[in-house]
Structures are given as C-alpha cells and as structure tokens.
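Summary of the model geometry
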Amino acid sequence: MLFGISRVNTPPNIGSSRQAVQKGDRSDFSDAVARLSWDDLRIIKALSECANRTDAAKKLGINISTVSRRVAQLEKTLGVALFDHRRSGYMLTAEGVELRELAERVELDIVSVARRVSRTGQGPLGKLRITTSDSLLLYFLTPIIAEFKALNEGIAIEVLVGNQTLSLARDESDIAVRATNKPAESLVGRKLATIAWAPYGSVKNAPTSTPFAEGQAWVSYSAALCGLKATSYVDSRVRPDCISYRTDSVAAASAAIVAGLGFGFLPCMLGDITPGLVRVGPVVPELQDGLWLLTHQDIRKSWRVKAFMTFCAAAVAELKPLVEGQRALPVS
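We now turn to the structure provided with this report. Small disclaimer: the values here were computed from a predicted structure and weren't measured.

Some thoughts on the overall build of the protein chain
Along the backbone of the protein chain there are 11 helices and 12 strands. Taking the intrachain contacts of the protein chain between residues at least 6 apart in sequence as the baseline, contacts between residues at least 24 apart amount to 76%. For the protein chain, the computed accessible surface area is about 17,300 Å², with 52% contributed by carbon and sulfur atoms.

Right, here's the structure in full:
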C-alpha cells in the first residue's frame, strides 16, 4: 500500500522499516507525508467521483485551476501518478485508489468526531435532514412530516429525494426512510411495516381491460429501478413491445398509469391513495419490501433524531393497513 495509515501523519514505527533507505529518500518521504493535507484528499476523492475537473471543482466550491494545480503538486510531491487522463475522464491509478480510500477513512473520522462533540445535536432547535424516495414522500411521508413540524416549530426540515442511497455516515442526511429488505449494517433503526405491491390501472380504462391480456400496454421501471422486483416480474410476463413506458421514478410511473399509458405495479401505500388509480389485481407477496426508518449510530441519541423517529414510527403504525395493502378497497 502507498500509505497504511488512517490519519494524515507519519506512523510512529515507520523509521525501523527504512534503515536500508538512503537519508535523502527518508527525508523526501517524510516531507511528502507531512505535506499531505485534508484538502488534498478531498480533491482526490471528488475528482475520482466526478471524473472531470469541472464537476469536481463545482462540488468542492473551488476553481478548476485549483483542482489541476493541487493534483499536479501532490503527484510531484509523492513521486507517483494518481490519475490516468482518458477520453472517458480521470481514472485513478492503483496509488490513487489508496489515497481515495485514505480520504474516505479520514472523512468518516472527521464526521464522527464532529457529531460527538457538537452540542447543537442535542437541542430542540436546528435542521433535520431526511432522505427518502419520491414514492414514499409524495402522499405518505409528507403529511407525517407536516404533523411533526406543527409540534416542533423550532426544527427546520430538509428532505432529500432520490432512489440512490445517501450516506448517513458521511453526514449527507440524518434520517433515511427506505424501502429495503437489507439495510446497511452501519445504520440503526427499525422495520416499521411490510410494503405490499399490486397492479393498478387508470380509472378511465381499467374497468374494460384485463391487465395480462395479450397486447395490453404496461408501465415499468428502468435505470436505477431495474433491480426492483416489480421490474423483473413484469418483464417475465409481458412482451417487450407491450411495455410502452419505463421510468426510474415510482411516482412518475403512478402518473403514467393515471394518464392511461398502461397498467403497472405500485406500492399499495401509493397506488391506493393516488387519485385516478384503481387496483386491478391482488397483492403479489413476492414483490414486497420492508419499510425501514434508519439513522447513523453516532447521532441516534440526538434530540431531533429521536423525536422524529419516535413520532414517525407511531404515525406509520396507524397507517400499517395502507402500507401492507390491507385497506378495504374495490378491486376492478
């Protein structure tokens, strides 16, 4: 490894392993390690994630020239190339990969320590960041957040929507409300319910159509949602030419079904309460997911986090029949 360390300074036992190294080399290596800063590591990490200088600079809030200059200086100081510049963008060399891994370890250490020593994390005032998917937020989670906010006026809520998983460990969010059967081991929380899925159609077309009839149009999922169980379920039962619409958003799929683009599978917690939709078949057990409320262990005792998680768990318990597809609804 380039550096087998978890902090940016010289390991205490490194001198004994260099007795065969020339004095000048020892001085150069020590100087390189001493000059390695957190800013350098942040630039290496950002450039490896963005693959181009423009996006990396924008992400860090610095100039493009600063990115180029710092990378060049670091490569000169260490005496190794950290990136290969290809047509597809900047790609890490083997040495660059080790520096990125070091940056990730240092970042996690900084965030963890900052959380533990921060007094503001325990108070009833401040910002609470929640990450979730559009389908969970749209009609289901938003009313819960509104009720919580009414009881806790001093807390500002920021909701980050996306199907990708934001890192609670890296302080990108405080709480995650996710549909999953395998939450990350680094997170703590509880399973609130089992999310049921069923087929839905537009109220305008469903009464006169049969979902799996030959030639019937369907709405399905793509890109980040290709891994959904509903995607493979439909793909195995519907001809490709009959899937008229694909999207990487469950909420967008519900809108497409309402618009009459075809039948589609939705979580019952969304489909049963979306105007213009009707359930056209029974719940499919093999499509179910767990509904999890998660946070990072470093902030689980924060007043704001504890308050929201307690409130949300109680609210979801009352809505469990909706989540699990057990509401009494007419089936077309």
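What follows picks up the thread again.
Structural notes on the packing of helix α2 (residues 38-50) against helix α4 (residues 64-78)
What describes two packed helices is the angle between their axes and the distance between those same axes. For the pair α2 and α4, the least separation of the axes is 10 Å and the interaxial angle reads 110 degrees. Taken together, α2 and α4 sit at an angle that is classed as roughly perpendicular. With respect to the hand of their crossing, α2 and α4 are arranged in left-handed fashion. Side by side, α2 and α4 meet where D39, D40, I43, I44 and L47 of the first sit next to V67, R70, V71 and L74 of the second. For the contact of α2 with α4, the residue count by class is 6 nonpolar, no polar and 3 charged.

Thoughts on the packing of aromatic side chains
This structure, assessed with the given rule, holds 7 aromatic pairs. Plain terms: the ring middles of F148 and F308 are 5.1 Å apart, the flat faces sit at 90 degrees to each other, and that makes the pair edge-to-face. With F148 in helix α6 (residues 134-151) and F308 in helix α10 (residues 303-318), the pair connects residues that are 160 residues apart, well separated along the chain. Both residues of the pair, F148 and F308, belong to the buried class.

A word on the sheet that holds strand β3 (residues 126-132)
If you trace the 5 strands from one edge of the open sheet to the other, you get β4-β3-β5-β12-β6, paired in mixed fashion. In the strand order of this sheet, the two ends are held by β4 (155-161) and β6 (187-195), each with one partner. Averaged over all pairs of adjacent strands, the angle between strand axes in this sheet comes to 20 degrees, irrespective of strand direction. Across 3 bridges, β3 lies against strand β5 (residues 175-179) in parallel orientation. Of the residues in β5, the one forming a bridge with T131 is A176. Lying on the sheet, α10 is in contact with β3, β4, β5, β6 and β12 (289-296); it crosses β12 at an angle near 165 degrees.

Some points on the side chain of T132
Within the element layout of this structure, T132 appears in strand β3. Overall, T132 belongs to the buried group, its relative accessible area being 0%. Here V177 takes part through its backbone oxygen, which lies 2.8 Å from a polar atom of the side chain of T132. Once residues within four sequence positions are removed from consideration, T132 is found in contact with L137, L141, V159, L160, V161, G162, V177 and R178.

Here's the deal with the nonpolar core
In terms of nonpolar packing, the biggest core is built from 59 residues, with I175, W197, Y221, F265, L266, L291 and F308 touching the most fellow members. Those residues in contact with Y221 that lie beyond four places of it in its chain are W197, L228, A230, T231, R246, T247, S249, V250, A253, F265 and L266. If you look at the next biggest cluster of nonpolar residues, it comprises 21 residues, including A57, L60, L82 and Y90.

Thresholds applied
- Residues numbered from 1 in each chain as written.
- Predicted model: local features only at pLDDT ≥ 70, side-chain atom pairs only at ≥ 80, totals over all residues.
- Heavy atoms only, no water.
- Helix = DSSP H or I, 4+ residues; strand = E, 2+ residues; numbered from the N terminus.
- Contact = heavy atoms within 4.5 Å.
- Areas by Shrake-Rupley, 256 points an atom, 1.4 Å probe, with all protein chains shown as cover.
- Axes fitted to C-alpha atoms, helices over the stretch in contact; angles between N-to-C directions.
- Parallel < 35°, antiparallel > 145°, perpendicular 65-115°, else oblique.
- Left-handed = near helix turned anticlockwise from the far one by under 90°.
- Nonpolar A, V, L, I, M, F, W, Y, C, P; charged D, E, K, R; others polar.
- Phe/Tyr/Trp six-rings, centres within 6.5 Å; stacked < 30°, edge-to-face > 60°.
- Buried < 20%, exposed > 50% of the residue type's maximum accessible area, 1.4 Å probe, protein only.
- Pairing = 2+ DSSP bridges.
- Polar contact = N/O pair within 3.5 Å; in protein donor to acceptor, adjacent residues only side chain to side chain.
- Core = buried A, V, L, I, M, F, W, Y, C linked by side-chain atoms within 4.5 Å.

This is a description of form; function is not addressed.
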